[in-house]
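Coordinate analysis (summary)
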Amino acid sequence: MSNDASAFIKEYCAKTGRDPARLLDVAREVQARFGCVSPQSITAISREMKLPRADVEGLVTFYAFLSTAPKGRYVIRLCNDVVDMMKGARDVGEAFSRELGIKFGRTTADGLFSLEWTPCIGMSDQAPAALINETVFTHLDGDKARRIVGELRRGSTLEGMVDTFGDGNNAHPLVRSMVMNNIRMRGPVIFSDLQPGSALKKALALSPAEVIRDIKTSRLRGRGGAGFPTGMKWDFTRQAEGAEKYVLCNADEGEPGTFKDRVILTECPHLFLEGMTIAGYAIGARKGIIYLRGEYAYLRAFLEKTIQDRRDSGLLGRGICGKAGFEFDIRVQMGAGAYVCGEETSLISSCEGSRGDPKNRPPFPAQKGFLGRPTVVNNVETFACAARILDQGPGWFANMGSNGSPGTKLLSVSGDCRRPGVYEVPFGIKLRDFLRMADASDAAAVQVGGPSGQMVGPADFDRTICYDDLATGGSIIVFDSKRDVLEIASAFMEFFVEESCGFCTPCRVGNFLLKQRLDKVLSGRGEPSDLDALRELAETVRFASRCGFGQTSPNPILTTLKNFRSAYEKRVKPNPERIEPSFDIRAALADAENITGRKSVLFPA
Ligand code: SF4
């Protein structure tokens, strides 16, 4: 390890106060500066932070954006989610690969570039997209890929290569990104103007118990998809014992096809920050943390400036809005590329400076959350709704939407539609009407709620989007009649296999076996009994997994088996010989034939 790295680690660890909860920040900084967190750096960090070396190594090897081996100066992470692949990511990948002269997963000999695939980066409405370090590149094609590589080789900077900015705050001097908001429909809750401080002042005129009463009266439910009543969550946390309490904002929308929080973070930062502050007042917390997904690092400086502006305006800090005794402040905690951290207990682990492993529940975060203290965890959209409720009144909010799902919902739609983007719609809208808005005239299948949600066909298009029918955290992916639902399900299962934290066997092994058997059917080697086996195994994984990840990961198979049965039945055929075709013997023999230069006589080609 260089003297530079050693001095940097010493200095940076001291800057964090050697707080173990800042370990992820330390590792991120070392990665950004030195291209890896080498084994020597791990030792130095563990010494400086006074943490077991295994804890530091465990963290570094958990997150996709950290590595123990050196990465190139430019790490190209090309998104390989289903929508990006539909829009041409494979061709873009080939162009990058050819231009760089390396395969995916490799680094060029001059140490300038690393090339990697990455799951959804929250840009499905402008796919294919890639992150190069922290800069987002959208609407890529082969020519653009070659040009990017050429310009970086000639010494251009990433910032200099973004010459056209997106709309709204994407053009802000602290963002300067080509990302477009693609707001297609503005509703009254999220996309209306807010005078910073107006909701907060109304909240501070009430007692904390009255604020919670208003949130309960509004019947606001968490916008992440599960729909737990927000007022009840705040009340549990308020009543939990503990001198220190926390407010955590989940800005880790990693569900493929979800990008609506990206737009709130960009265009309505005061709204959700105000919601966090109101939550702090309601539950008696002094500190809040925004857990910002690593993919949205380009928004970090802008958010931190907005937080500082609020401090300067007396909307954060001590004596907020002149309210004696009320103190609340917010910091940004960066993630580092782990889908599972969207699960609230994993997110808490990550905020604590650990691997993003889920925790057992109970105890629930309301009793024992961040650092073992009572904690409210809500996502960006939920906090934004809470602020609007305090501003406009709980009755105003409760009167929108449907009976069990009041208010509006932000939906991010992508795939085979002519108007991809973000829509604020009232809950209770029919899927068919929404597809019409998005101009998805040839929709044959729609993934509602991302891979962990459900795939529905035309027979379900008259169902409504709400918690009690088609629930979604915000992701709607449209597939037209040319797409193969089994291929899509296989891609989603691949995603779950990659992203499982590996803690429990049903999820770690079960998802792998599910993918393997699904691929057997997909390749035409399946028989009818495989379909029963798939369903049974999927049910087992769902039942026996430890956290929400494994409990929903078999959904691509379960929902396509239910709603697209004929697509499976077309692919399987009875096997009269009763010999289990568990693998492709010809493919298995091909390598051996190449090495020996002989052909199999028992299994001829
Ligand atoms: Fe980890 Fe999956 Fe088990 Fe959750 S269900 S703890 S993600 S292995």
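Per chain, residue numbering runs from 1 following the sequence as it is written. Note on the predicted model: pLDDT of at least 70 is required for a residue's local features to be given, and 80 or more for side-chain atom pairs to be given and counted; whole-chain, interface and lining totals, by contrast, use all residues. Water and hydrogen atoms were dropped before computing side-chain values, which therefore reflect all heavy atoms in the structure.

**Brief notes about the overall build of the protein chain**
We apply this condition: Secondary structure elements are taken from DSSP: a helix is a run of H or I of four residues or more, a strand is a run of E of two residues or more, and numbering for both begins at the N terminus. C-alpha atoms define the radius of gyration, and 2.2 Å times the number of residues to the power 0.38 defines the globule rule. In what follows, a contact means two residues having at least one pair of non-hydrogen atoms within 4.5 Å. Neither His nor the chain termini are counted; the positive set is Lys and Arg, and the negative set is Asp and Glu. Think of each charge as sitting on NZ of Lys, CZ of Arg, CG of Asp or CD of Glu.
Helices and strands together make up the secondary structure of the protein chain, namely 25 helices and 15 strands. Compactness check: the protein chain gives a C-alpha radius of gyration of 25 Å against a globular reference of 25 Å for 605 residues, within 12% of the reference. Overall, the C-alpha framework of the protein chain stretches about 90 × 65 × 45 Å when taken along its three principal axes. Relative to all contacts within the protein chain whose residues are 6 or more apart in sequence, the contacts with residues 24 or more apart total 70%. Of the charged side chains in the protein chain, 79 are positive and 74 negative, and the gap between their average positions amounts to 2 Å.

**Here's the deal with the site of the ligand**
What counts, and what does not: Whether a residue is near a molecule or strand depends on its heavy atoms: it is near if one of them lies within 4 Å of it. Only Asp, Glu, Lys and Arg are considered charged in this grouping, and only Ala, Val, Leu, Ile, Met, Phe, Trp, Tyr, Cys and Pro are considered nonpolar; every other residue, Gly among them, is considered polar.
Taken together, 13 residues lie near the ligand, and Cys-501, Phe-503, Cys-504, Cys-507 and Cys-547 sit nearest. Of the residues assigned to the shell around the ligand, the class counts are eight nonpolar, four polar and one charged.

**A word on the pairing of strand E12 (residues 421–426)**
Applied cut-off: A simple rule labels every residue: compare its accessible area, found with a 1.4 Å probe on the protein chains alone, to the largest value its type can have, and call it buried under 20%, exposed over 50%, or partly exposed in between. Between any two strands, at least two bridges found by DSSP are needed for them to pair.
Across the six residues of E12, five count as buried, placing the element largely inside the fold. One ladder, built from two bridges, connects strand E5 (residues 183–185) with E12; its direction is parallel. Bridging across to E12, Met-185 finds its partner in Tyr-423. The pairing of strand E11 (residues 408–415) with E12 spans six bridges and is classified as antiparallel. Note that in E12 the partner of Leu-411 across the bridge is Tyr-423. Where E11 hands over to E12, the hairpin turn is made up of five residues, counted between the paired strands.

**Examining the sheet that holds strand E3 (residues 130–132)**
Test applied: Under this scheme, a helix contributes an axis fitted over its contacting stretch, all axes are lines through C-alpha atoms, and angles between N-to-C directions fall in the 0 to 180 degree range.
Strand order across the open sheet formed by four strands is E2-E1-E3-E4, with mixed pairing between neighbours. Edge strands, defined here as strands with exactly one partner in the open sheet, are strand E2 (113–118) and strand E4 (135–137). Going from strand to strand, the sheet's axes swing by 20 degrees on average, the running direction of each strand aside. Pairing of strand E1 (residues 74–79) with E2 involves six bridges; the strand directions are parallel. In the strand pairing of E2, Ile-76 is matched with Leu-115. Packing against the sheet, helix H7 (residues 142–153) makes contact with E1, E2, E3 and E4, and its axis sits at approximately 150 degrees to E2.

**Structural notes on the pairing of strand E10 (residues 375–379)**
Extensive coverage of E10 is indicated by the burial of five of its five residues. Both faces of E10 are covered, namely the face carrying Thr-375, Val-377 and Asn-379 and the face carrying Val-376 and Asn-378. In this sheet, E10 lies alongside strand E6 (residues 246–251) in parallel orientation, the contact comprising five bridges. Across the sheet, the residue bridging to Asn-250 is Asn-379, located in E10.

**What to know about the sheet that holds strand E8 (residues 317–318)**
The mixed open sheet is built from five strands, whose spatial order is E8-E9-E7-E6-E10. With one partner strand each, in any of the chains shown, E8 and E10 form the two edges of the open sheet. Pairing of strand E7 (residues 287–292) with strand E9 (residues 327–334) involves six bridges; the strand directions are parallel. Among the inter-strand pairings, Leu-292 is bridged to a residue of E9, identified as Met-334. The sheet strands contacting helix H2 (residues 23–34) are E7 and E9, and the helix crosses E9 at an angle near 40 degrees.

**Overview of the packing of aromatic side chains**
So the rule is basically this: For this analysis, a ring pair means two rings from Phe, Tyr or Trp (six-membered ring only for Trp) whose centres lie within 6.5 Å, classed as stacked if their planes differ by under 30 degrees, edge-to-face if by over 60, and tilted for the remaining angles.
In the structure shown here, the tally under the stated rule is 15 aromatic pairs. When the centroid spacing of 5.2 Å and the interplanar angle of 70 degrees are considered together, the rings of Tyr-281 and Phe-326 count as edge-to-face. Of this pair, Tyr-281 sits in helix H13 (residues 269–283) while Phe-326 sits in the loop between E8 and E9, and the two are 45 residues apart along the sequence. By relative accessible area, which is 9% here, Tyr-281 ends up buried.

**Some details on the domain arrangement of the protein chain**
Defined as follows: Segmentation into domains, and thus their bounds, comes from an automatic or database assignment. Accessible area that two parts lose when put together, with a 1.4 Å probe and added across both, is what the buried area reports. The working definition used for a salt bridge is a side-chain nitrogen of Lys or Arg within 4 Å of a carboxyl oxygen of Asp or Glu.
Partitioning the protein chain into structural domains gives domain 1 (3–62), domain 2 (74–163), domain 3 (185–398), domain 4 (409–483) and domain 5 (486–569). Look at where the C-alpha atoms of domain 4 and domain 5 centre, and you get two points 22 Å apart. Facing the 14 residues of domain 4 at the interface are ten residues of domain 5. Contact between domain 4 and domain 5 buries roughly 920 Å² in total, counting both sides, with carbon and sulfur atoms accounting for 71%. For domain 4, the biggest contributors to the area lost against domain 5 are Pro-451, Ser-452 and Met-455; these three give 58% of the whole. On inspection of domain 4 and its partner domain 5, the count reaches zero salt bridges.

**Some remarks on helix H12 (residues 260–267)**
Burial analysis of H12 places seven of its eight residues in the buried class, the great majority of the element. Of the positions making up H12, those classed as buried are Lys-260, Asp-261, Arg-262, Val-263, Ile-264, Leu-265 and Thr-266.

**Brief notes about the pattern of salt bridges**
Under the criterion given, the structure shown has 45 salt bridges. For Lys-359, the salt bridge identified is with Glu-352, shortest N-O distance 2.8 Å. The shortest N-O distance in the salt bridge between Arg-436 and Asp-433 comes to 3.1 Å. With Arg-436 and Asp-433 both in helix H18 (residues 431–437), this residue pair falls three residues apart, about one helical turn. Among the residues examined, Arg-436 registers a relative accessible area of 57% and is labelled exposed. It is possible to trace a salt-bridge network through shared partners that takes in Lys-233, Glu-343, Glu-344 and Arg-361.

**Notes on the nonpolar core**
Here is the rule: Grouping buried Ala, Val, Leu, Ile, Met, Phe, Trp, Tyr and Cys residues that are joined through side-chain atoms within 4.5 Å yields what is termed a nonpolar core.
Formed by 139 residues in total, the largest nonpolar core has its most connected members in Tyr-63, Trp-234, Phe-272 and Ile-290. By residue number, the principal contributor to this core is H13, which donates nine residues. With residues near it in sequence (within four places) discarded, Trp-234 still touches Val-211, Ile-212, Ile-215, Gly-275, Ile-278, Ala-279, Ala-282, Ile-283, Val-376, Asn-378, Phe-383 and Ala-386. In terms of nonpolar packing, the next biggest core, distinct from the first, is built from 23 residues, Leu-115, Ala-130, Leu-140 and Ile-148 among them.

**Some points on the environment of Ser-500**
Heads up, the condition is: Here a polar contact is recorded for every N or O atom pair within 3.5 Å, except that within protein the pair must consist of a potential hydrogen donor and a potential acceptor, and residues adjacent in sequence are included only if both atoms are side-chain atoms.
Note that Ser-500 resides in the loop between helix H19 (485–499) and helix H20 (505–522). Taking relative accessible area as the criterion, Ser-500 reaches 15% and is therefore assigned buried. Note: C-alpha distance between Ser-500 and Ser-481 (19 residues apart in sequence) is 31 Å. With residues up to four places along the chain from it excluded, the contact list for Ser-500 reads Cys-507, Arg-508 and Phe-549. Of note is the side chain of Ser-500, whose polar atom sits 3.1 Å from the backbone nitrogen of Gly-502.

**Remarks on the side chain of Gln-126**
With respect to the secondary-structure elements, Gln-126 resides in the loop between E2 and E3. With residues near it in sequence (within four places) discarded, Gln-126 still touches Thr-138, His-139, Met-178, Val-179, Met-180, Asn-182 and Arg-262.

**Quick look at the state of the cysteines**
Filter applied, for reference: The term disulfide is used for any two cysteine sulfur atoms that are within 2.5 Å.
Tallying each qualifying case throughout the model produces zero disulfides. Here Cys-466 is not cross-linked by a disulfide; its sulfur's nearest cysteine counterpart is in Cys-385, at 15 Å.

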